[in-house]
Structures are given as structure tokens and as C-alpha cells.
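# Overview (structure and organization)
If you want the building blocks of each chain, they are given just below.
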Amino acid sequence: MAALKYAGLEDTDSEEELPPGWEERTTKDGWVYYANHLEEKTQWEHPKSGKRKRVAGGLPYGWEQETDENGQVYFVDHINKRTTYLDPRLAFTVEDNPVKPTTRQKYDGNSTAMEILQGRDLSGRVVIITGANSGIGFETAKSLALHGAYVILACRNMSRGNEAVQRILVEWHKAKVEAMTLDLASLQSVQHFAETFKSKNVPLHILICNAAVFGVPWCLTEDGLESTFQVNHLGHFYLVQLLEDVLRRSSPARVVMVSSESHRFTEIKDSSGKLDFSLLSPSKKEYWAMLAYNRSKLCNILFSNELNRRLSPHGVTSNAVHPGNMIYSSIHRNWWVYTLLFTLARPFTKSM
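Residues numbered from 1 in each chain as written. Predicted model: local features only at pLDDT ≥ 70, side-chain atom pairs only at ≥ 80, totals over all residues. Heavy atoms only, no water.

This paragraph deals with unusual backbone geometry. S251 connects to P252 through a cis peptide bond whose omega is 5°. Assignment of secondary structure puts P252 in the loop between α6 (227-249) and β13 (253-258). One non-glycine residue, K81, lies in positive phi territory at about 55°. Relative to the helices and strands, K81 resides in the loop between β6 (73-77) and β7 (82-84). With relative accessibility at 70%, the residue K81 sits in the exposed group. Backbone geometry at N201 places phi at a positive 55°, although glycine is not the residue there. Here N201 lies in the loop between α5 (187-198) and β12 (206-209). (Helix = DSSP H or I, 4+ residues; strand = E, 2+ residues; numbered from the N terminus. Buried < 20%, exposed > 50% of the residue type's maximum accessible area, 1.4 Å probe, protein only.)

What follows is the structure in C-alpha cells.
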């Protein structure tokens, strides 16, 4: 204890708390070192625990690392318009020889996309997200862009798509985002989008098939198919086929199909147990909006499973995901009954 008192360490009751006169700093490549202002010396080991540390992951979105004229590293927070010499990642340090982490990373219903991506550097990754101007698609696009990815917002309405791009750029002016026209209700539009994207001569690491319609009245697309089936499934199916060669060349790559638990409440077989393809694009007489949506989500999952079976040996994986029950988004906008239902449920659901 006498030695601790002499060193000034008896004033701290935590192994990680620094004694008076000490400061925690980081090098440009993320290693933590300790400066003693009283003795004017630095060292790699924590003055109390003796451990060596480094910061974990990349900088939070909106932050940049700079160096002043004296060679001292400092950090710029573009979101809050401030600078500091304190590395914002110091709250996420790990030991030089850390214990092997568990393979299961846990998140819950309160987790945000930004929290899940914390510390990840997606620089150089190219992402396409359909229906990215609002709702889940927009939050996904924003989160990926703010972590360095080049994100293409594939939107039917270019005005709304460009507005979404500007909202992301307001948060971080260096974000790499752009909007491109994609109307899934038109197979010609899907083909034109794929050709335009290929002309950019860039890879494609992540394709997120997110766009969907829900509760819409019966109508046929310009291709003569029921709109819910074409927008939610067939348009995406065609898009993946057209971009499959780019995905293969970009491996490791992935396709994400945003499906729904509602796929469980439908069937695409007739009374004898055989597939009935007429159910996928039904006539007006046989149409029920909820069933049409459920069938399209079932098709998403069946397609994703088969796509993964065929392409995973080539480095392209495919997963279907359920985004959560009753997440409040604009997908319900087409019928007042669903709007009322979502409004009543909103206090009990996860918001964007």
C-alpha cells in the first residue's frame, strides 16, 4: 500500500480509473497510451492495471481523424460541429490479448441499425436498396452510408429519392449516396435500372430487396400481372437475375430479401396439394389484398432459399429477413383500415 500511495494510485478505487495527473490518449493507428503530466512521461501500460489496450472498430459516423501542425492527432465531430483531442472510441477499448468473444452477438427490440454497425468500416462496399426513400429502406440506406458504403437508393419516385439523399448528406456531407429510378411494376424499368447500374462498372456487394406494397386495390401492371405480386416478388426476382453476374464477380456478396412472418398465413397449392400458379397473379374476382401480400412474402422466402443454394458456392449468400411485427412505416398508406390499425398499435411498436 505504501508503494501505491507513493505512486498516487491509492486515490482510485477502480482498476481502470486513472490516477491524478494521468491522461489516456491514442495513436493514429488506434493504440492507447498514457501520459503523466506531473513527470512528463508516456507509457503503453495502464499505470494501475498494467494492461495494454487499443480502441475497437472505426470512428462513429460523422467523425474524422486529423493531425495538427505539431503532429498531434485530434478528432472532428461534423454532426455536432466540434473538435477534441479525446478519441471517441476510448469507451470501446479492448485488451492487447483479449479473451475470445462469444460467437453470438445479442441485440434486442430496442437496437438500432447504427448500434449494430458501430465500429464497422464499410468503405469500398457498394449497396443497392430498393424502396430506400422512406421507412425501413431509408434507415438501412442511411446507416450503411454513414459507415462508409456507397449506397444507391433505387426508388420509383425520383423526387422523393433525391430528398432522401439530401437528408443523408445533411447528417454527413461526405456520404456516398445517389438515387436511381427503379419501378418494380415495370419489367422494362427493372431492365433499364440494371443496365444503367452495370454501365457504372462498379462491384455490387449487397443487394437489399426491400420495396413492397401492402393493402393495395387490385390492378394490373403494364406487364399484365397483379401489382402486389410483381412489385413485391417478381420485380425483385428479375432484378437479381439481371445483376447475378455482377454479384458473382463481387464475391463475397449477399442478397437480402425483406420478407415477413405473414408468409405463414397463406398457401400457393390447390386442394390436391399441387402448386397453383394462378394464385400468384389472381383475377379481380379472386383477389384479397392481405392474401396477395402474404403470398408475395412466401415467394420471397422460397426464392431466397433457392438463390442461396445455387449461389453460395460462388461466394454469394442470400437471406430472407422478417423486419419485425407492426413496425410503423408508410407501407400501410394504401387503405384507411390498415392506417387506423397501425395508428392504434403505434404506441406498442418499434418506431423508425
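That shown, we press on.
Moving on, we get to the packing of aromatic side chains. Scanning the entire structure with this criterion turns up four aromatic pairs. The interplanar angle of 75° and the centroid separation of 6.2 Å between the aromatic rings of Y33 and W44 together place this pair among those described as edge-to-face. Note that Y33 is positioned in strand β2 (residues 32-36) and W44 in the loop between β3 (41-43) and β4 (53-55), a separation of eleven residues in sequence. For W44, a relative accessible area of 39% corresponds to the partly exposed category. Ring plane angle 85° and centroid distance 4.7 Å describe the contact between F214 and Y293, whose orientation is recorded as edge-to-face. On the criterion of sequence distance, the pair formed by F214 in the loop between β12 and α6 and Y293 in helix α7 (residues 289-311) is long-range, its members being 79 residues apart. The buried category is assigned to F214, whose relative accessible area is 7%. Lying across the ring of F138, R167 places its NZ or CZ 3.9 Å from the centre. (Phe/Tyr/Trp six-rings, centres within 6.5 Å; stacked < 30°, edge-to-face > 60°. Lys NZ or Arg CZ within 6 Å of the ring centre and 35° of its normal.)

Right, let's talk about the environment of L311 for a bit. Structurally, L311 can be placed in helix α7. Given a relative accessible area of 1%, L311 falls into the buried group. In the structure, L311 is positioned 57 residues away from R254 in sequence and 9.5 Å away in space, judged by C-alpha atoms. Leaving out residues up to four positions away in the same chain, L311 has contacts with E244, R248 and V316. (Contact = heavy atoms within 4.5 Å.)

Attention now moves to the UniProt feature "domain: WW" (unreviewed entry) in the chain. Here, UniProt's "domain: WW" (unreviewed entry) annotation points to residues 16-49 and 57-90. The span residues 16-49 is 0% helix and 38% strand, and its two end C-alpha atoms sit 7 Å from each other. (UniProt positions renumbered as here; feature names shortened; annotations may be inferred.)

Moving on to the sheet that holds strand β1 (residues 22-26). In space, the three strands of this open sheet follow the order β1-β2-β3, with antiparallel pairing throughout. Looking at which strands have only one partner, the edges of the open sheet turn out to be β1 and β3. Taken over all neighbouring pairs, the strand axes of this sheet differ in orientation by 30° on average, direction set aside. With three bridges joining them, β2 and β3 adopt antiparallel strand pairing. Within the sheet, the bridge partner assigned to Y34 lies in β3 and is Q43. (Pairing = 2+ DSSP bridges. Axes fitted to C-alpha atoms, helices over the stretch in contact; angles between N-to-C directions.)

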